[in-house]
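# Residue-level structure breakdown
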Amino acid sequence: MNYLLFNNEIFISDGQVTRTMGKGENLGPIEKACLCCVDVDVMIASAPQDYLDKKDSILAQKFAAVYSDEYITLNERIDNNIFQVFGIKAEKVKEIYSLVPSSKVDAFVPYAIAVRSLLINRKTDMAGLIVFVDDSGHEKLITVFDGLKFSRTRTIYTGNAEDILPDIKRSHIDFNKKLGEFASKSVTGDFAVITNNRQMAEDIKLSEPGLAVEFLDCRHPALEGLKFIGPPIKYRIHEEIILERKKEEMRSRFMYLIVSISICLAGILFFGFNQITYSCASRDFDGEKLKNSRLKDALNTIDQYIYQDSLRRSKDLNYSSVFFEVSGLLPSTYEISSFKFTGNGWHRVFETYIFAQDDQFYDEIPRAKILKNAEIKDFFIKNRPGKYLKVDL
Amino acid sequence: MNKIMLVIAFGIAVILVNSGLTLSSRTMDIKKQKNEIMSENSALSGEVDQKQRFKKNVPKSISNAFTFFVNETKMFETYSGTQMDIAFGVQAKENENIEDYYVATGFRNVKGLPLTINVEKFSNETDMAEVLNDIYLLENRTDFKVSEISTENNALIVKGELYGI
């Protein structure tokens, strides 16, 4: 991981060794990087915290109302519905991303946030106002902190404490004015100075004995602070945001497309399955119909050729023999009144009504031969007693 | 746009599912009909197998069968003295084509002509037995099939059908 500080010069650290480079120089291979930039404008503004989209839009509008150039802004919550907005000129962000591609940047924060991270990490009491003076060689960077809030970082090109002290006080006054209603209640007018230059700390103490001055033993506090950045935040240029939105839109459209295609596919599969099943059933049905038609045709032909033989086989009943046999078995006292052969096919029936001849008795009808299983009933026909015989042939 | 696409996809899916359900219903109907026709085919196959056992003869037209039948009755009248009055099974009008009286038979493409033979003036059983024998012979020599023989007012009524194509 590389840590970079962009100001008039570029400070680059691999976590151990820090080097300074001019803007035109090649930064070398960078895999991953955390960046901070000094040239950041800051303002405190209120916005509804519950509506994220609205909040960002309102804060951007409020920032644009104060700073007329094209800025890219980030914001962080300071208090209920109170946000600190810090913007970097879009041109500056593009310039930085031209040196370190956005895809390789994990975090890109204002210089003050990097320093604040270090101060919090070093457990510095942030309850009161703190003026932090960063000695980065021939430049001195002055940033004022009030808790989480911080001022715009001023760059001073002077070396001695006597010259820098008025700038420290001016920065403190300017910041207090700017904070206005958003200033912490604990702010009383006193402030502490923290610097990473031991000599400067002692000189300031000598020049302003009542002022609390503290020495921070860190050569490059912003680069060190970048190591402790909490949730990674990052400035992004509009083109990148648009590209990401397009990608997101494409991803969403693709997802919708996939879901739509899946729904259609499910419908197609269901329809296809039923179509195939229907086709198979229809084909089988047509086959059976054809077979049925052929069988009927075959039977039509067969019936025409076999009906005579079939009739002949069913004509085996000699009515004369049956009549002879029945009349031969009946006692001579009986006479046949009427008879009937009925039936079709193989089952036929012979029925007859018989009466005793005049002055003759009704003798018992023998149950022999053809009359063995005959149905015999007594009858009255025209007031005359008689018998009914039914023989299954 | 995405929602429109989704709605269109849903619409298409609904149409396809609806069509699929219609097809499914039609498939069920076809399967039901197929089962019915399969069982019918099975019965028909059995019938074909059964009928293959019968002897095949050249079919006779019903007109020829009728002519032959009438000639046979005349022959029996001549040789046996049995007077047979042939009438159509139904009340036929004068000058009417007998083709109008053809009926379907148990054989496919084979027609039936319902006929009635009236034999009158019997006095005793012996005559009756002879007549019945004549009926038996007539039935066996022609394509006439007796369905009922009965006596009515001292007359013999023979009902049946003459077969032919």
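Cut-offs applied
- Residues numbered from 1 in each chain as written.
- Chains lettered and ligands numbered in written order.
- Predicted model: local features only at pLDDT ≥ 70, side-chain atom pairs only at ≥ 80, totals over all residues.
- Heavy atoms only, no water.
- Helix = DSSP H or I, 4+ residues; strand = E, 2+ residues; numbered from the N terminus.
- Rg over C-alpha atoms; globule rule 2.2 N^0.38 Å.
- Buried < 20%, exposed > 50% of the residue type's maximum accessible area, 1.4 Å probe, protein only.
- Contact = heavy atoms within 4.5 Å.
- Areas by Shrake-Rupley, 256 points an atom, 1.4 Å probe, with all protein chains shown as cover.
- Lys, Arg positive; Asp, Glu negative; His and termini not counted.
- Charge placed at Lys NZ, Arg CZ, Asp CG, Glu CD.
- Domains from an automatic or database assignment.
- Polar contact = N/O pair within 3.5 Å; in protein donor to acceptor, adjacent residues only side chain to side chain.
- Phe/Tyr/Trp six-rings, centres within 6.5 Å; stacked < 30°, edge-to-face > 60°.
- Lys NZ or Arg CZ within 6 Å of the ring centre and 35° of its normal.
- Patch = residues over 30% accessible without salt bridge, like charges linked within 9 Å, V, L, I, M, F, W, Y side chains within 5 Å.
- Salt bridge = Lys/Arg side-chain N within 4 Å of Asp/Glu carboxyl O.
- Core = buried A, V, L, I, M, F, W, Y, C linked by side-chain atoms within 4.5 Å.

### Overview of the overall build of chain B
Along its length, chain B carries 3 helices and 5 strands. In chain B, the order of α-helices and β-strands from amino to carboxyl end is α-α-β-β-β-α-β-β. Computed over its C-alpha atoms, the radius of gyration of chain B comes to 30 Å, more than 25% above the 15 Å expected for a compact globule of 165 residues. Taken along the three principal axes of its C-alpha coordinates, chain B extends 105 × 40 × 30 Å. A buried classification covers 41% of the 165 residues belonging to chain B. For chain B, contacts bridging at least 24 residues in sequence account for 63% of all contacts bridging at least 6. For chain B, the exposed surface amounts to about 9500 Å²; the carbon and sulfur share of it is 51%. Placing the 18 positive and 22 negative side-chain charges of chain B at their respective mean positions leaves the two points 16 Å apart.

### A word on the domain arrangement of chain B
Annotation of chain B at the domain level lists domain 1 (1–56) and domain 2 (62–164). Centre-to-centre, using C-alpha coordinates, domain 1 of chain B lies 51 Å away from domain 2 of chain B.

### Examining helix H8 (residues 319–329) of chain A
For H8(A), the set of buried residues is Tyr319(A), Ser320(A), Val322(A), Phe323(A), Val326(A) and Leu329(A). Here H8(A) starts with a cap whose side-chain oxygen sits 3.1 Å from the backbone nitrogen of Ser320(A), and that cap is Asn318(A).

### Observations regarding the packing of aromatic side chains
Going through the model one piece at a time under the given rule, you end up with 17 aromatic pairs over all chains. Each ring, one from Tyr307(A) and one from Phe107(B), has its centre 6.3 Å from the other, and the planes form 55°; the classification is tilted. With Tyr307(A) in helix H7 (residues 238–314) and Phe107(B) in the loop between strand S2 (103–104) and strand S3 (111–119), the pair connects residues from two separate chains. Here Tyr307(A) matches Phe107(B) in class, with each residue buried. Following the ring pairs from residue to residue traces out a cluster consisting of Tyr319(A), Phe323(A), Phe339(A), Phe341(A) and Phe350(A). Here the basic side chain of Lys60(B) rests over the ring of Phe68(B), its NZ or CZ set 4.9 Å away from the ring centre.

### Remarks on a nonpolar patch on the surface
Where nonpolar side chains cluster on the molecular surface, the patch consists of Phe254(A), Met255(A), Leu257(A), Ile258(A), Ile261(A), Leu265(A), Ile268(A) and Leu269(A) and spans about 750 Å² of accessible area. In this fold, Leu265(A) is placed in helix H7.

### Re the environment of Ser151(A)
Within the secondary structure, Ser151(A) sits in the loop between strand S11 (149–150) and strand S12 (154–156). Distance in space between the C-alpha atoms of Ser151(A) and Asp309(A) is 123 Å, their sequence separation being 158 residues.

### A short note on the nonpolar core
Grouped together as the largest cluster of nonpolar side chains are 53 residues, with contacts concentrated most on Leu4(A), Leu35(A), Val100(A), Phe108(A), Phe145(A), Leu226(A) and Tyr235(A). A total of 7 residues in this core trace back to one element, the largest contributor, which is helix H3 (residues 111–121) of chain A. Formed jointly, this core draws a minimum of three residues from each of two domains, domain 1 (1–107) and domain 2 (123–215) of chain A. Those residues in contact with Leu4(A), other than ones at most four positions away along the chain, are Ile10(A), Phe11(A), Ile12(A), Leu27(A), Ile30(A), Ala33(A), Cys34(A), Leu35(A), Cys36(A), Val100(A), Leu223(A) and Leu226(A). If you look at the next biggest cluster of nonpolar residues, it comprises 45 residues, including Phe341(A), Phe350(A), Leu113(B) and Leu162(B).

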